[in-house]
Amino acid sequence: MSRLPHESVDLFVQRRKNLGRKIQGSALILAAPPESIRNHDVHHPYRQSSSLYYLTGFEEPDSVLLFRPGMTPESVLFVRRKDSERETWDGFRYGPEAASQIFKIDQCYPIDEFEERTTEFLKGIDKLYYRQALHREMDETIQKILVKVSKSQGRTGLGLLPVYDAEDLIGELRLIKTEPEIINLRKACQISAETHMEVMRYIRPGMNEREIHGFILYQMMKKGAAREGYGSIVASGNNATTLHYVFNDQICKAGDLLLIDAGAEYNYYTGDITRSIPVSGHFTNEQAHLYEAVLKVQKTLIASLRPGLTFKELHEMGAQLLTDVMLELGLLEGRKNDIIEAQQHRRYYPHGIGHWLGMDVHDAGYYFIKGQPRSLEENMCFTIEPGLYIPAHDTKAPERYRGIGIRIEDNLRITRDGSENMTLLVPKEIAEIEKLMAH
Ligand code: MG
Ligand code: MG
């Protein structure tokens, strides 16, 4: 019995080659995150770290990649040993021999040999890339290895190998998507979009938010997703004014809006879509007022996308446009610039306009380089997600708007002269949403 990788292994070989050109003479260590306990002897479902998957395609826990570009062996993967008894309980594991062959890794060893072998492999290296403070036991092992490597060099006056951050390094590669990544991301976006459309047809007043969450998972997995890319938010009525609402256990009532923020993960890439829809199938006048205003801001921002614009400019445009809306609707009073200066707009719009999107929902990559805002480049992917959230208990807000939370979120890719909306499929015009919900 064996398992095949989800994607062509040559893809991962090519990524290591690209990375190798940047860090000749250095070594990189990427460790799989430890399994985490859910309760007693039950674990949370395991998911490989995005960067380790990005460079190997290998999905098992207790694995570590050591990469030394330009040296022999160049790629070394430490994995769990074959163990027929454990495999009877927990399922197939590759073991060193098959892992090396199937994943095209120069040498694979059992994970219990990591410390000893890595001490040898790090001799003669100028620096190490490793993300600290993710996994305490691994930090301690790395520290021990560095001390041993240093001692083995005799009296040279040199200290420990300098350690640089591995995730920053790989984040820069992950930020600009290649063709195979765009294909995966588009597929994740398509599954997410179709799921949101199924939900619009499905919901009825009186349903519990958790039933809708279950339906979302069912639709995503039926359409080929491995899992949700993050915990879905299914927030009806005033719950939608909690940004990362996690309970998903209240009844959806006629007359309330339902905010759904859900994205499917496909081949380790995730969509991230939010729609705010009326539980009964029809927006009230007040809801429509707020909704149209947020939608207009979202469309204006998307229309402005092009290479060269910075994310900071997008954030600022978002704050300006939403503050205009808040002034028009009577949510805030005063002069726009004073309000923004004092950050008062954050009362009803407390988050940023979006974030990088890819293997992680809040994907890797810098927004600023040496303090300077970074310009958008072709094949950077991100969300645009303006929102307004007016808590029910906010007595300063006009009463008719209290208890309404709205966010509209799409997934964009920068093209040579503009952008591609990868989640265009899901309706966001009021008439289109109401039409789909009537089915
Ligand atoms: Mg979202
Ligand atoms: Mg988002």
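For the structure, check the block above.
Below or above, wherever it landed, is the structure these notes cover. Positions within a chain are numbered from 1, following the residues in the order the chain's sequence is written. Naming scheme: in the order in which they are written, chains are lettered from A and ligands are numbered from 1. Local features in a predicted model are, by the rule used here, given only for residues with pLDDT of at least 70; side-chain atom pairs are given and counted only at 80 or more, and totals for whole chains, interfaces and linings are based on all residues. With hydrogens and water set aside, each side-chain value is computed from the structure's full complement of heavy atoms.

1. Quick look at the side chain of glutamate 420
- For glutamate 420, the position within the fold is in strand β21 (residues 419-421).
- Throughout this description, a polar contact denotes any pair of N or O atoms lying within 3.5 Å of each other; where both atoms belong to protein, one of them has to be capable of donating a hydrogen while the other can accept it, and for residues adjacent in sequence the pair is counted only when both atoms sit in side chains. In this structure the side chain of glutamate 420 is engaged in a polar contact, spanning 2.7 Å, whose partner is the side chain of arginine 186.
- Looking at glutamate 420, its side chain comes within polar contact range of the side chain of arginine 413, at 2.7 Å.
- Note on contacts: a residue pair is in contact if any heavy atoms of the two residues lie within 4.5 Å. The contact partners of glutamate 420, leaving out residues within four places of it in the chain, are Arg186, Asn411, Leu412, Arg413 and Thr415. Helical segments are the DSSP runs of H or I of at least four residues, strand segments are the runs of E of at least two, and each set is numbered from the N terminus.

2. Looking at the coordination of the magnesium ion (ligand 2)
- Looking at the magnesium ion (ligand 2), the protein donor atoms are Asp272 (OD), His355 (NE2), Glu385 (OE) and Glu409 (OE), and they sit 2.1 to 2.3 Å from it.
- Counted as coordinating are nitrogen, oxygen and sulfur atoms within 2.8 Å of the metal, or 3.2 Å for Na, K and Ca, while water is not included, which may make sites look incomplete. If you list the donors of the magnesium ion (ligand 2) from N- to C-terminus, the spacing comes out as D-x82-H-x29-E-x23-E.
- Here the magnesium ion (ligand 2) and the magnesium ion (ligand 1) are spaced 3.1 Å apart, linked through aspartate 272, which binds each one. Linking histidine 355 in the loop between α12 (336-341) and β15 (368-369) with glutamate 385 in the loop between β17 (381-384) and β18 (387-390), this pair joins segments that are 30 residues apart in sequence. The burial state of histidine 355 is the same as that of glutamate 385; both residues are buried. Here the term buried applies to any residue with accessible area under 20% of the maximum for its type, exposed to any over 50%, and partly exposed to those in between, with areas from a 1.4 Å probe on protein chains only.

3. Overview of the packing of helix α8 (residues 179-202) against helix α9 (residues 209-222)
- Orientation of α8 relative to α9, taken along the N-to-C sense of each, is 140°, at an axis distance of 9 Å. One element, α8, and the other, α9, form an angle in the oblique class. With respect to the hand of their crossing, α8 and α9 are arranged in right-handed fashion. For the pair formed by α8 and α9, the contact residues are Ile191, Thr195, Glu198, Val199 and Tyr202 on the first element and Glu211, Ile212, Phe215, Ile216, Gln219 and Met220 on the second.
- For the contact of α8 with α9, the class distribution of residues is seven nonpolar, two polar and two charged. Axis angles are defined between N-to-C directions and span 0 to 180 degrees, where every axis is a line fitted to C-alpha atoms and, for a helix, only to the segment in contact. With respect to orientation, any angle under 35 degrees is reported as roughly parallel, any angle over 145 as roughly antiparallel, any angle of 65 to 115 as roughly perpendicular, and every other angle as oblique. Two helices cross in a left-handed way if the nearer one is turned anticlockwise from the farther one by less than a right angle. They cross in a right-handed way if the turn is clockwise. Residue polarity follows a fixed list, in which Ala, Val, Leu, Ile, Met, Phe, Trp, Tyr, Cys and Pro are nonpolar, Asp, Glu, Lys and Arg are charged, and the others, Gly among them, are polar.

4. Details of the coordination of the magnesium ion (ligand 1)
- For the magnesium ion (ligand 1), the full set of protein donor atoms is Asp261 (OD), Asp261 (OD), Asp272 (OD) and Glu409 (OE), at a range of 2.0 to 2.4 Å.
- All donors of the magnesium ion (ligand 1) come from a single chain, and their spacing in sequence reads D-x10-D-x136-E.

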